[in-house]
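A closer look at the structure
If you want the building blocks of each chain, they are given just below.
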Amino acid sequence: MGAEASPAARTGAFIAVAVALFCIQLDFFALNLAVPGIADEFGVTASPAQWTLSAYMLAIGCCFIVGGRVGDVWGRRGALLAGTALFAADTAGTRAPGGGAGSRPSHGGRLP
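The structure contained in this document is the topic of the report that follows. (Residues numbered from 1 in each chain as written. Predicted model: local features only at pLDDT ≥ 70, side-chain atom pairs only at ≥ 80, totals over all residues. Heavy atoms only, no water.)

Re the packing of aromatic side chains
Which entries qualify depends on this criterion: Only centres within 6.5 Å qualify two rings of Phe, Tyr or Trp (six-membered ring in Trp) as a pair; their planes then separate them into stacked at under 30 degrees, edge-to-face at over 60, and tilted for everything else. Numbering of helices and strands starts at the N terminus; helices are DSSP runs of H or I of at least 4 residues and strands are runs of E of at least 2. Partly exposed residues are those whose accessible area sits between 20% and 50% of the maximum for their type, while under 20% is buried and over 50% is exposed, using a 1.4 Å probe and protein chains only.
This structure, assessed with the given rule, holds one aromatic pair. Each ring, one from Phe-28 and one from Tyr-56, has its centre 5.8 Å from the other, and the planes form 85°; the classification is edge-to-face. Residue Phe-28 is located in helix 1 (residues 7-42), and its partner Tyr-56 is located in helix 2 (residues 46-74); the two are separated by 28 residues in the primary sequence. Residue class for Phe-28 comes out buried when judged on its relative accessible area of 19%. The class for Tyr-56 is partly exposed, based on a relative accessible area of 27%.

See below:
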C-alpha cells in the first residue's frame, strides 16, 4: 500500500466527492419535482409517471459502472472532474433558451 495522503489532499478529495454527490442529489430532486408536470404532459396519473424517476435512477446506476471503469483506465480524479464539468455544462445549458440535452424545445426554453 502507498504512503498515506496528506490532510490537504484528503480534504480536497472529500470536497470533490461531496460536490459530485450534491449534483447527483440535486438532479434527483429536480426530477422528482418534475413528475407532476410529466404526468400532465403525457396525460397519465402521477403513479405511472414515477416510473420515469425509477428508470432515471437505473440509468444513472448503469452510468456509475461505466464511470468506474473510465476512472480505472484514465484516472479517478480526471473522470470525476470531467463528469462534474459535463453535468454543470448541461445544467447551465438547460437554463439557456433552446439549449442543453434536458431542455424542452417545444417551449423555446421558456418555462410554462
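Let's talk about helix 1
An α-helical turn contains 3.6 residues, so any two residues separated by three or four positions project in the same direction. Worth spelling out the cut-off: By definition here, a helix of n residues has an expected span of 1.5 Å times n minus one. In this scheme, the bend at a residue equals the angle between the axes fitted to the seven residues that finish there and the seven that begin there.
For helix 1, with 36 residues, the first-to-last C-alpha span of 51 Å sits near the 52 Å given by 1.5 Å per residue. Largest kink in helix 1: about 40°, centred on Val-35, with the proline Pro-36 one to four residues after it. Along helix 1, the residues that are buried comprise Ala-20, Cys-23, Phe-28, Leu-31, Val-35 and Ala-39.

Considerations on the packing of helix 1 against helix 2
Definition in use: For every element, the axis is a line fit to its C-alpha atoms; helices are fit only across the contacting stretch, and the angle between N-to-C directions ranges from 0 to 180 degrees. The scheme is simple: roughly parallel for angles under 35 degrees, roughly antiparallel for over 145, roughly perpendicular for 65 to 115, oblique for anything else. Left-handed describes a crossing in which the near helix is turned anticlockwise from the far one by less than a right angle; the clockwise case is right-handed. In this analysis, two residues are considered to be in contact whenever any of their non-hydrogen atoms come within 4.5 Å of each other. Charged means Asp, Glu, Lys or Arg here, nonpolar means Ala, Val, Leu, Ile, Met, Phe, Trp, Tyr, Cys or Pro, and polar covers whatever is left, Gly included.
For the pair helix 1 and helix 2, the least separation of the axes is 8 Å and the interaxial angle reads 155°. Relative to helix 2, the element helix 1 is oriented roughly antiparallel. Our pair here, helix 1 against helix 2, has a crossing hand that is right-handed. On helix 2, the residues that touch Ile-24, Asp-27, Phe-28, Leu-31, Asn-32, Val-35, Ile-38 and Ala-39 of helix 1 are Ala-46, Ala-49, Gln-50, Thr-52, Leu-53, Tyr-56, Met-57, Ile-60 and Phe-64. Tallied by class, residues from the contact of helix 1 with helix 2 come to 13 nonpolar, three polar and one charged.

Thoughts on helix 2
With 29 residues, helix 2 should reach 42 Å at 1.5 Å per residue; the first-to-last C-alpha distance of 41 Å fits that figure. Along helix 2, the residues classified as buried are Ala-49, Leu-53 and Gly-71. Downstream of helix 2 by a residue or two, Gly-75 has a phi angle that is positive, lying close to 105°.

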